[in-house]
Amino acid sequence: MSAMYYEDFQVGAEYATTARTIGESDLLQFAALTGDWNQLHTDEEYCKTTPFGRRIAHGLLGLALMEGMKYRLGQVDGTAIASLGWTVKFAKPIFIGDTVRVLVRITAVRETRHADRGIVTEEVRLVNQREEVLTEAEH
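Residues numbered from 1 in each chain as written. Predicted model: local features only at pLDDT ≥ 70, side-chain atom pairs only at ≥ 80, totals over all residues. Heavy atoms only, no water.

A.B. asks: Explain the nonpolar core to me, and be specific about the residues and the numbers.
C.D. replies: Met66, Val102 and Val104 are the most contacted members of the largest nonpolar core, which totals 22 residues. When contributions to this core are tallied by element, the ones reaching two or more residues are α1 (24–34), α4 (59–71), β4 (99–111), β5 (118–127) and β6 (133–138). Broken down by element, this core gets its largest block of residues, five residues, from α4. (Core = buried A, V, L, I, M, F, W, Y, C linked by side-chain atoms within 4.5 Å. Buried < 20%, exposed > 50% of the residue type's maximum accessible area, 1.4 Å probe, protein only. Helix = DSSP H or I, 4+ residues; strand = E, 2+ residues; numbered from the N terminus.)

Next up, the structure:
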């Protein structure tokens, strides 16, 4: 897909990314990058005592993946100016071995006081191999 400008976005348009499988290295690298070494992400034995029964990925790892995978669609490559904010719900845990992809739906477009730009609002969902929504957001 080639880069899009404000006037190219249509309310109701939907896009899907390619998928990727979450590995143990993803959790460990994210923990190292952020300093978040919480046992829920790093201690398999501890996690056996939790409702999840095994390690889960950081919620923010899922959000970061959503943005990165969405970027690979190419829609805003060289055309985006800024991200104005996210409203996020971590609906279900992300497990090592889950294969995830991102679903995007354009929900609103509006002009700004600047003639050369506009604001695009999108619903963004991270889903696993069973199509369960793991993370959902408005961006």
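What follows picks up the thread again.
A.B. asks: Which residues make up a nonpolar patch on the surface, and what values do they have?
C.D. replies: A surface patch of nonpolar side chains, amounting to about 270 Å² of accessible area, comprises Leu60, Val88 and Phe90. Looking at where valine 88 falls in the secondary structure, it is placed in strand β3 (residues 87–90). (Patch = residues over 30% accessible without salt bridge, like charges linked within 9 Å, V, L, I, M, F, W, Y side chains within 5 Å. Areas by Shrake-Rupley, 256 points an atom, 1.4 Å probe, with all protein chains shown as cover. Salt bridge = Lys/Arg side-chain N within 4 Å of Asp/Glu carboxyl O.)

A.B. asks: Lay out the side chain of lysine 70 in plain terms, naming residues and giving numbers.
C.D. replies: With respect to the helices and strands, lysine 70 occurs in helix α4. For lysine 70, a relative accessible area of 9% translates into the label buried. One polar contact links lysine 70 to histidine 139, side chain to side chain, over a distance of 3.5 Å. (Polar contact = N/O pair within 3.5 Å; in protein donor to acceptor, adjacent residues only side chain to side chain.)

A.B. asks: Requested: an account of the pairing of β4, with residues and values cited.
C.D. replies: Of the pairings in the sheet, the one linking strand β1 (residues 14–16) to β4 comprises three bridges and is antiparallel in character. Across the sheet, residue alanine 16 finds its bridge partner in β4, namely leucine 103. Pairing between strand β2 (residues 20–21) and β4: two bridges, direction antiparallel. Bridge assignment links arginine 20 to a residue of β4, and that residue is valine 100. The sheet contact formed by β4 and β5 spans 10 bridges and is antiparallel. Looking across to β5, one finds that alanine 108 is bridged to threonine 121. (Pairing = 2+ DSSP bridges.)

A.B. asks: Give me unusual backbone geometry: which residues, what numbers.
C.D. replies: A positive phi is found at glutamate 131, a non-glycine position, where the angle reads about 65°. Residue placement: glutamate 131 occurs in the loop between β5 and β6. The partly exposed category is assigned to glutamate 131, whose relative accessible area is 42%.

A.B. asks: Talk me through α4; I want residue IDs and the actual numbers.
C.D. replies: Here α4 contains 13 residues, and its C-alpha end-to-end distance of 19 Å stays within 8% of the 18 Å for a straight helix at 1.5 Å per residue. All buried positions along α4 are accounted for by Leu61, Gly62, Leu63, Leu65, Met66, Met69 and Lys70. (Expected span 1.5 Å × (residues − 1).)

A.B. asks: A description of the pattern of salt bridges should follow, citing residues and the corresponding values.
C.D. replies: For the structure on display, the rule yields 13 salt bridges. For the salt bridge of lysine 70 with glutamate 67, the shortest nitrogen-to-oxygen distance reads 3.2 Å. Pair noted here: lysine 70 and glutamate 67 are both in helix α4, with a separation of three residues, about one helical turn. Put simply, arginine 130 and glutamate 132 hold a salt bridge, and the shortest N to O gap is 3.2 Å. Judged by relative accessible area, which is 26%, glutamate 132 ranks as partly exposed. Within the structure, one salt-bridge network assembled from shared partners comprises Glu24, Glu44 and Arg55.

A.B. asks: With reference to specific residues and values, describe the pairing of β6.
C.D. replies: Regular strands place side chains that alternate from one sheet face to the opposite one. Where β3 meets β6, four bridges bridge the pair, whose relative direction is antiparallel. What sits directly across from phenylalanine 90, in β6, is threonine 135. Pairing analysis gives five bridges linking β5 to β6, with the strands arranged antiparallel. Its bridge partner being in β6, valine 127 is matched across the sheet by valine 133. Connecting β5 to the antiparallel partner β6 that follows it, the hairpin turn spans five residues, and glutamate 131 within it adopts a positive phi of roughly 65°.

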